[in-house]
Amino acid sequence: MTQTPRLMEAMMALLPFLKRKEPDAPGADPVIAAFLRDYSIEVMPRTAEKIADFRDLLPAGTRVYIAHIDGTPIDDMVATARRLAQDGFQIMPHFPARIIKDRATLADWIARYQGEAGVNQALLLAGGIAQPQGDFHSSMQLMESGLFSDFKHLHVAGHPEGNRDIDPDGSDTQVMAALRWKQRFSETTGAQMALTTQFAFEADPIIAWADALRDAGITIPIHIGVAGPAKLQTLIKFAMACGVGPSLRVLQKRAMDVTKLLLPYEPTEVVTALAAHKAAHPDSLIARAHFFPLGGITANAQWAADHGAAPVKDHA
């Protein structure tokens, strides 16, 4: 049956109302987006091998730390570094002092990373084991070795909530002494240094800690550890295993709220507060975010993209 022109016009006028309109995606907060610019993320060889192509997930040139857990073969570490470097990412492997047998082993690791993956960045730390397995027990000994002299970036661990392994009495005496040593090292070498922290869940104590470091004469930039989206149970397990301190109460409080117990944790609140502080105080030592993707690399990358970081690419 032929439609009359008037009837066709009426149907066309109704068409916009008949179509289902998808809601617009909320715009990212520019303050948060600025804080997330140049974020870094941490992977392990066993988690990295589950990702088909990191270029589908992370912004080009992202700094990717490779965590070296005790027992991980150096072959796996170097292979992961090589793969990520070939895909155009900046690679920063961990060098945990207490699992490195001796100077020859350290020199061999460095030579392999440099020769096979072009690595010129490293995170130097004591490591998560109580007793050294060889000649080294601290990041300062690694720095004193002279073997990192041609590295462009050397990062060391920061402890916003203190470190009971270093200061068993709960003070910050030894931690601050080590930081002053590292400050002098940064002033007398060509390495660009930063403090990379453990993840925490409250912004105010982190900000207070950063301010206290500046007041003490420390000028090393801080890359704040942020736990990526994860199930609450998963997050609490990692937080307790990693020695997260007072800010663990944020998760405990959330666990007591039945309305939030089954919902995934997202770092929106802590990142929003840190971003606002950085925007209001551009001279703060707090420089950028470093993500621990405890709920998965894909979920973390998507969260960052949703909040203004470079977008995650569609899979082919």
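See the structure above.
Residues numbered from 1 in each chain as written. Predicted model: local features only at pLDDT ≥ 70, side-chain atom pairs only at ≥ 80, totals over all residues. Heavy atoms only, no water.

## Some details on the pairing of strand β7 (residues 222–227)
Among the 6 residues that make up β7, 6 are buried, leaving the element largely enclosed by the rest of the structure. Of the two faces of β7, the one carrying I222, I224 and V226 and the one carrying H223, G225 and A227 are both buried. The sheet contact formed by strand β6 (residues 192–199) and β7 spans 3 bridges and is parallel. Bridge pairing in β7 links L195 to I222. Between the parallel pair β6 and β7, the chain is carried across by helix α8 (residues 203–215), and the sense of this crossover is right-handed. (Buried < 20%, exposed > 50% of the residue type's maximum accessible area, 1.4 Å probe, protein only. Helix = DSSP H or I, 4+ residues; strand = E, 2+ residues; numbered from the N terminus. Pairing = 2+ DSSP bridges. Right-handed = clockwise from strand over helix to strand, strands pointing away.)

## Things to note about helix α12 (residues 268–280)
Structurally, the α-helix is built with 3.6 residues per turn, so residues lying three or four positions apart point the same way. Here α12 contains 13 residues, and its C-alpha end-to-end distance of 18 Å stays within 8% of the 18 Å for a straight helix at 1.5 Å per residue. Listing the buried residues of α12 in full gives V270, V271, L274, A275 and H277. Down the axis of α12, the smallest arc covering the buried residues is 160 degrees, so these residues share one side. What points out from α12, more than 90 degrees from its buried face, is the exposed set E269, A279 and A280. If you follow the buried residues of α12, they end up packed against α2 (30–36), α8, β7, β8 (286–292) and α13 (297–306). (Expected span 1.5 Å × (residues − 1). Arc of directions from axis to C-beta. Contact = heavy atoms within 4.5 Å.)

## Looking at the side chain of T62
Here T62 lies in the loop between α3 (45–48) and β2 (63–66). In this structure the side chain of T62 is engaged in a polar contact, spanning 2.6 Å, whose partner is the backbone oxygen of P59. Filtering out sequence-adjacent residues up to four positions away, T62 remains in contact with Y39, S40, I41, F89 and Q90. (Polar contact = N/O pair within 3.5 Å; in protein donor to acceptor, adjacent residues only side chain to side chain.)

## Notes on the sheet that holds strand β5 (residues 153–158)
Taken together, 8 strands build a closed barrel; the order of strands is β1-β2-β3-β4-β5-β6-β7-β8 and the barrel is parallel. Pairs of neighbouring strands in the sheet enclose a mean axial angle of 30 degrees, with direction left out of account. (Axes fitted to C-alpha atoms, helices over the stretch in contact; angles between N-to-C directions.)

## Side note on the side chain of S145
Looking at the element boundaries, S145 is found in the loop between α6 (139–144) and β5. At 3.2 Å, the side chain of S145 forms a polar contact with the backbone nitrogen of L147. Among residues more than four places away in sequence, those in contact with S145 are R103 and L106.

## So, the packing of aromatic side chains
Scanning the model with the defined rule gives 10 aromatic pairs in all. With a centroid separation of 5.3 Å and 85 degrees between ring planes, the pair formed by Y39 and F291 is classed as edge-to-face. Of the two residues, Y39 sits in the loop between α2 and β1 (40–43) while F291 sits in strand β8, which places them 252 residues apart along the sequence. Like F291, Y39 is buried. Arranged with centres 5.7 Å apart and planes meeting at 15 degrees, the rings of W181 and F185 form a pair that is stacked. Of this pair, W181 and F185 both sit in helix α7 (residues 173–188), 4 residues apart, roughly one helical turn. (Phe/Tyr/Trp six-rings, centres within 6.5 Å; stacked < 30°, edge-to-face > 60°.)

## Considering the pattern of salt bridges
One pass over the structure, following the stated rule, counts 5 salt bridges. The partner of R112 in a salt bridge is D75, with the nearest N and O atoms 2.7 Å apart. Remark: D75 occurs in helix α4 (residues 74–86) and R112 occurs in helix α5 (residues 103–117); sequence separation between them is 37 residues. Judged by its relative accessible area of 44%, D75 is partly exposed. A salt bridge links R112 to E116, with the nearest nitrogen and oxygen atoms 3.4 Å apart. A residue pair is termed a helical-turn pair when its members lie 3 or 4 positions apart in one helix, as R112 and E116 do in helix α5 at 4 residues. One network of salt bridges, with partners in common, ties together D75, R82, R112 and E116. (Salt bridge = Lys/Arg side-chain N within 4 Å of Asp/Glu carboxyl O.)

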